[in-house]
Amino acid sequence: MTQAIRINNLKYNYDDNDTVFDDFNLEIDAGQWLALVGHNGSGKSTLAKLILGLIEANNGTITVFGEQLRIDTVHHVREQIGMVFQNPDNQFVGATVADDVAFGLENKEMPSSDMPKVIDEALTIVGMQDFKYREPHMLSGGQKQRVALASVLALQPKIIILDEATAMLDPDGRATVMATLQNLKQRFGSELTLITITHDMNEAMLADRVVVINDGQLILDGSPSEVFSQCDVMHHNGLELPFVGELAVRLDPKPDGYLDERELIKWLSDLKK
Amino acid sequence: MAIRFEKVNFSYGAGTTLAQSILHDVTLEMPTGRVTAVVGQTGSGKSTLIQHINGLLKPTSGRVTVDNFELTSHTKEKELVKLRKSVGIAFQFPENQLFANTVLEDVMYAPVNFGATKSEAKLAAERALTRTGVMRGLWGKSPFELSGGQMRRVAMAGTLSSDPSVVVMDEPAAGLDPKGQGELLQLVLELKKLGKTIIIISHQMDHVVAVADHVIVMHEGRVVAQESPQILFNRDITWFKTMKLDLPKAGQLAEKLRDEGIILSKRPLTLNELADLINAEVSHE
Ligand SMILES: Nc1ncnc2c1ncn2[C@@H]1O[C@H](COP(=O)(O)OP(=O)(O)OP(=O)(O)O)[C@@H](O)[C@H]1O
Ligand SMILES: Nc1ncnc2c1ncn2[C@@H]1O[C@H](COP(=O)(O)OP(=O)(O)O)[C@@H](O)[C@H]1O
Ligand SMILES: [Mg+2]
Ligand SMILES: [Mg+2]
């Protein structure tokens, strides 16, 4: 299988600071959906910035689709990655919402005749088509997050990194974004690699793989059901299980191992029979 | 401090050709010494609403009263000083609220600004930072060199350090890890014990159930409900769909169980309530 991202012996600290990563290793297969979780300050956003080449590792290598990240490759590597930052305010460049989406397309040298359609599609996916001519800075927080996501989707990058991109969406908006990601995954299969950074374990559950980091160390790594079976480790690290996991722990009798929502409901209805 | 909105209308860019009418005839009350949650879809006007409480925005028409202070379209900027001192807002985007060279200086700003001495302000800032869970090791750092969740906590400390009697929090849980979210809810309850009036905007109905005494539901710039969480979350399920509002997670799961023929004796609003109801239901058989 092709590797989308390979991180070897990564070491990083901000100028003045304690080490964020020390000998960190992670490999992500092309087409994988990886949820990255960890407590505040554990290094998630830093890792995203390192992969994008916005900051430079002190040591170790980061390889994206076989190409090692270096000064002369950073441009090309970055072109393949779409990132939605934790604060969408840092991300707007256009005078209108449509301009903002167009900006990335211009950089990609898309013919301007193709743009309107692509822009409309992307804005429709996130439910912001009616805001096309509005100023990004005058949108509500959740609306800003949706526009930032549309700008990334329009570019159809091979890797998408979402850093808490749904934190300010209402439940409906969150569900739409999650459904969109699931559709994209289905549509593009191994052509799209997805990394979602989140504190919402119900979101993390949708991924193929969940990676938990703490103090620059990978402490859990596996399928959602594997990771969420480690109730004590999660709690100990200031994290929690998805809602149904927290529920299962409180049931009497309890199911063996971690069940997702559908499985838990089935388990309960069998129990009642 | 009693907070009251009477027939408040608000437009961004009022009087210009670009006027966008956002709040429509908003009449509401936020009870003194209680926790009021403001919920509703993205763009429904929540942030716009709460910025009226300290006069950052003024009603285009109508009136907001905070205790005996009255805010209308005519209120002058310099009259607002007193209001600003009693109402602290933690904004939706904490990074827009931070500005000083170090975390500690940032949090000291409000008390100094309202007349505290430097050493009083330092004490107040340290207390606030401890209260919001900002580790001592971060106090000397630039507030811009923090993780998202750390910034959120510092901004919250900056709101609390001047000891306002009304505390407004705009989506304060966004960006906090699960443990931090639990601590935030504890903080809200602690502040309430201290007699403060608290307004919290949230998309997480579980948080609303955990702390709120009173809930205001906004929909397209109008207030469509204002009542206790117990009354609100026992409304008919179709109402929630129309308002694009969630039930607390326990209630959502109960609805799914119902579809599978597991009918609980009432709608649970918390995890523990749900677990108890299921346990009772299963052991009956
Ligand atoms: N620009 C910066 N300069 C110096 N230190 C920084 C900078 N950005 C982050 N840090 C520090 O690096 C550590 C990791 O931060 P990072 O932003 O990667 O955390 P995170 O896992 O994304 O947290 P959160 O869940 O709060 O967003 C934190 O201790 C933080 O204070
Ligand atoms: N500074 C502004 N100028 C113009 N319109 C704005 C501004 N801020 C918000 N709006 C608009 O007002 C409406 C309500 O926004 P807001 O109060 O931020 O919503 P909420 O906090 O409920 O998500 C949205 O449609 C938004 O686009
Ligand atoms: Mg982060
Ligand atoms: Mg808002």
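Keep in mind the model is a prediction, meaning the values are calculated, not measured.

Rules behind the numbers
Residues numbered from 1 in each chain as written. Chains lettered and ligands numbered in written order. Predicted model: local features only at pLDDT ≥ 70, side-chain atom pairs only at ≥ 80, totals over all residues. Pairing = 2+ DSSP bridges. Helix = DSSP H or I, 4+ residues; strand = E, 2+ residues; numbered from the N terminus. Axes fitted to C-alpha atoms, helices over the stretch in contact; angles between N-to-C directions. Contact = placed C-beta atoms within 7 Å. Domains from an automatic or database assignment. Nonpolar A, V, L, I, M, F, W, Y, C, P; charged D, E, K, R; others polar. Parallel < 35°, antiparallel > 145°, perpendicular 65-115°, else oblique. Left-handed = near helix turned anticlockwise from the far one by under 90°. Near = placed C-beta within 6 Å.

Section: the sheet that holds strand 9 (residues 214-219) of chain B
Residues and elements named next belong to chain B.
Turning to step 1, where the next piece is worked out: Ordered in space as 6-7-8-3-9-10, the six strands form an open sheet in which the pairing is mixed. Two strands in the sheet have a free side with no partner beyond their single neighbour: strand 6 (87-90) and strand 10 (222-227). Direction aside, neighbouring strands of the sheet carry axes that sit 15 degrees apart on average.
Turning to step 2, where the next piece is worked out: Looking at chain direction, strand 3 (residues 35-40) and strand 8 (residues 197-201) are connected through four bridges and run parallel. Directly across from V38, in strand 8, lies its bridge partner I201.
Turning to step 3, where the next piece is worked out: Running over the sheet, helix 5 (residues 148-160) touches strand 6 and strand 7 (166-170) and is turned about 175 degrees from strand 6.
Turning to step 4, where the next piece is worked out: This element, helix 6 (residues 178-193), spans strand 3, strand 7 and strand 8 of the sheet and lies at about 155 degrees to strand 8.

Brief notes about the domain arrangement of chain B
All names here are of chain B.
Turning to step 1, where the next piece is worked out: For chain B, the assigned domains read domain 1 (3-242) and domain 2 (247-285).
Turning to step 2, where the next piece is worked out: Residue-level contacts link seven residues of domain 1 with eight residues of domain 2.
Turning to step 3, where the next piece is worked out: Those elements giving two or more residues to the side of domain 1 that touches domain 2 turn out to be helix 7 (205-211) and helix 9 (237-242).
Turning to step 4, where the next piece is worked out: Looking at the side of domain 1 that touches domain 2 element by element, the count peaks at three residues for helix 7.
Turning to step 5, where the next piece is worked out: For the side of domain 1 that touches domain 2, the class distribution of residues is five nonpolar, one polar and one charged.

Focus: the packing of helix 4 (residues 115-125) of chain A against helix 5 (residues 141-154) of chain A
Residues and elements named next belong to chain A.
Turning to step 1, where the next piece is worked out: Following both chains from N to C, one finds helix 4 and helix 5 inclined at 135 degrees, their axes separated by 8 Å at the closest point. In terms of orientation, helix 4 lies oblique with respect to helix 5. The two elements helix 4 and helix 5 meet at a crossing, and its hand is right-handed. Contacts between helix 4 and helix 5 involve V118, I119, A122, L123 and I125 from the first element and A150, L153 and A154 from the second.
Turning to step 2, where the next piece is worked out: Across the contact of helix 4 with helix 5, the residue classes break down as eight nonpolar, no polar and no charged.

Side note on the site of ligand 2
Turning to step 1, where the next piece is worked out: Near ligand 2 lie 17 residues; those nearest to it are A:M138, A:S140, B:K46, B:S47 and B:T48.
Turning to step 2, where the next piece is worked out: More than a single chain frames ligand 2: its nearby residues are located in chains A and B.
Turning to step 3, where the next piece is worked out: At the level of elements, helix 5 of chain A together with strand 2 (20-30) and helix 1 (46-50) of chain B are the ones that each hand at least two residues to the shell around ligand 2.
Turning to step 4, where the next piece is worked out: Of the residues in the shell around ligand 2, the class split is four nonpolar, 12 polar and one charged.

Details of the environment of B:D177
Turning to step 1, where the next piece is worked out: Note on placement: B:D177 falls in the loop between strand 7 and helix 6.
Turning to step 2, where the next piece is worked out: Residues B:D177 and B:G140 lie 37 residues apart in sequence; the distance between their C-alpha atoms is 23 Å.
Turning to step 3, where the next piece is worked out: Setting aside anything within four residues of it in sequence, one finds B:D177 in contact with A:H39, A:N40, A:H199, A:G238, A:L239 and B:G149.

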